[in-house]
Structure formats: C-alpha cells, structure tokens
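Structural characterization, general
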Amino acid sequence: MEEVRNQQVIFKDYVNGFPKESDMILTTSATVPLQLPQGSNGVLLKNLYLSCDPYMRGRMTKTEGSYVASFTPGSPITGYGVAKVVESGHSSLKKGDLVWGFTGWQEYSIITAPETLFKIQHTDVPLSYYTGILGMPGMTAYYGFYEICAPKKGEYVFVSAASGAVGQLVGQFAKLTGCYVVGTAGTKEKVELLKTKFGFDEAFNYKEEPNLDASLKRYFPEGIDIYFENVGGKMLEAVLLNMRVNGRISVCGMISQYNLNQEEGVRNLSSIIMKRLLVKGFIVTDHYNLYPKYMEMVIPLIKEEKICYIEDIVEGLESAPKALVGIFSGKNVGKQVVVVARE
C-alpha cells in the first residue's frame, strides 16, 4: 500500500490567555496510506483550503459540555476546510468529488463519518468561498440575521466585528434588505473597507472611541433595531442602552472574551426588560438543514456581483499557526484562509 508524507499542524497543549504560534507544532514526519482499509465507509481527502475561525479559541481550552470538543494535545488541529476526495468507501461520494466540512490541519485526512461533509455542487465560484460565504460563516450570517432578527426595510442595524468573515456578510444582507447599517472594526483600513467595499452607511474604529455609548448615540440618534453581536463586553453594554423597543440581538460570538481567564460581567441588562428585547444565541450547526435555502439565495447574488466577499489568504500549512493566532488580534482583513494545495 503506497504511503505519502502527510505534513500536519499538531496542537501542543491547552492554552491559558492569548494563544501563541508555539502552541502549535508543524511536523513533516507523519505518513498516510493512499488507500482506505478494506471495508471502510470513510473517505480519504486531500485538503485544499483550511478555515481560521474565532470559535477555535474555545477548543484550545479543556472544557466539558461544550457544543464542540476541545482539541486533543498531540493530535492535528481540526476545523472547517475544502478538500478533494482521493478515495471513497461511502456511497454518496466518489473519487474526484469536492467537499467542505470538518477536516484535519494536514495534507491528507481520513474522515470516518463522511455524512458530515457537504458535497460541493457549484464549482464556478472560488473554492475558497466554501470556507466562508458558501460555508459555515455564510450560514451563520444568514441564520443569525434573517431567521433570528427578521429584518424589515428601513430598520437600523449595527454590526460589530463587521469586517470579519460573518460581519461583512451581515452588513451586505442588511443593505440588500433596505436597512440603515453601521459597522465597527479595529483599524482605519477596515473602517474604509466597510464603507467603500461592503456598502455600510457608516463605520467607526472602536479603538478610537473613548465612550461607546456616546458613539452609538451619534450614529443611531433614533436607536438600534437590530444588533448582530460578535464582540460582547463593553460593546454589548453600550448597545443595550441604545436599543429601540422590540429590538433584536442575534448573539453569534463574543471575541472580546475568548482570551480572558475569567469573562467580564455585562451591565445594563435591565434594558432587555424595559425595551422588550429579543436576545438569542445560536450555534449554526443546529441549522444546516437551511443550507440549500441559503444557497438558492446567495449563489445568484455572487454571480450578479450584488455581494462582495473579501478573503485574507496565506499559503502553506506552515503559515497556519500564525494565521490562526492573528485573528484574535485583528491581523486579518476579511475571511482568514490557509491554502494547503491548489486543486
């Protein structure tokens, strides 16, 4: 049975505080057989693109009862990716098929539960999009905005971490719905991107705003109908004071809290009662049944160039640790993608 080198990114050990590149190890000593074991119903994948996502920080900590398992020290990191089927023992996939879903941070992965993978039907768009707009982040934006917030034309929408993989889509979905949209980001470059590339009505750099409550009152003098929450902490405190009656908050993430040993408390929670707010958290994997509906909506938007998607692409598995660590300090501009191999 032929074996080939299988370069891997290994998770070293559980992390306290801010993750470092040294928490991951690149190894070239592993090999993988290019055939599946006799009778296997799994698939052997050649990985093409890997996705760096904020939820992965939680997997670097030993946790019990989370919606997604912690990484295993001494084993390859796992996450979303795009791959090509090298060999298949599963009836719904064949050699040469392209898929997206959970895979390993390595050149080749054997997936023993291939029913979790999505077969890629549309190959006339960049394959890397299946780590972003056509993958988990796209579904996250779609479900969190449309299904939870039920937006109406003319409403006032605020998006935090607005230039990221999810935020850039939420803002554009809101504009397509006819809403007034303001986003926040952490650099001047990203703020400009929000206004010039993604079509946000306004945007600001939260690092330059000493009083977030005053900032929000400046951009939303009549208050906020919809807040798409990616940040938590002080931003959420300020937003609660500025929500309108019957406002909706879709809680997607809280990246300001992920590297803290103890999460911050949030004040102004009484606003939820006084303003009759809907505040709903969600995990996108619970809603993948809506993926075909989402694809029907978004594929035409991409092809008609009614929506724009920005990626921050780095080359090679050796670049993956730096790319992953960078998203927690805002180094990336747009969706962070690692190229492992071109098809």
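Residues numbered from 1 in each chain as written. Predicted model: local features only at pLDDT ≥ 70, side-chain atom pairs only at ≥ 80, totals over all residues. Heavy atoms only, no water.

An unreviewed UniProt entry annotates the protein as Enoyl reductase (ER) domain-containing protein originating from Lactuca virosa.

1. Some words on the pattern of salt bridges
Under the criterion given, the structure shown has 17 salt bridges. Asp97 is paired through a salt bridge with Lys94; the nearest N and O atoms lie 3.1 Å apart. On the basis of relative accessible area, Lys94 is assigned to the exposed category, the value being 51%. Between Lys152 and Glu155 there is a salt bridge whose closest N-O contact spans 3.8 Å. Several salt bridges converge on common partners, so that one network encompasses Lys94, Asp97 and Lys119. (Salt bridge = Lys/Arg side-chain N within 4 Å of Asp/Glu carboxyl O. Buried < 20%, exposed > 50% of the residue type's maximum accessible area, 1.4 Å probe, protein only.)

2. What to know about the sheet that holds strand β14 (residues 243–251)
Through backbone hydrogen bonds, the strands of a sheet pair up, either in parallel or in antiparallel fashion. What the 6 strands build is an open sheet, ordered β12-β11-β10-β13-β14-β15; its pairing is parallel. If you trace the sheet from one side to the other, it starts and ends with β12 (202–205) and β15 (278–281), each paired once. Strand-to-strand twist in this sheet, taken as the mean axis angle between neighbours without regard to direction, amounts to 15 degrees. When strand β10 (residues 156–159) meets strand β11 (residues 180–185), the two strands line up parallel, connected through 4 bridges. (Pairing = 2+ DSSP bridges. Helix = DSSP H or I, 4+ residues; strand = E, 2+ residues; numbered from the N terminus. Axes fitted to C-alpha atoms, helices over the stretch in contact; angles between N-to-C directions.)

3. Some words on the environment of Leu324
Tracing the sequence through the fold places Leu324 in helix α8 (residues 320–326). Measuring from C-alpha to C-alpha, the distance between Leu324 and Lys275 comes to 38 Å, with 49 residues separating the pair along the chain. Residues in contact with Leu324, not counting those within four places in the same chain, are Met24, Cys52, Asp53, Met56, Met60 and Trp105. (Contact = heavy atoms within 4.5 Å.)

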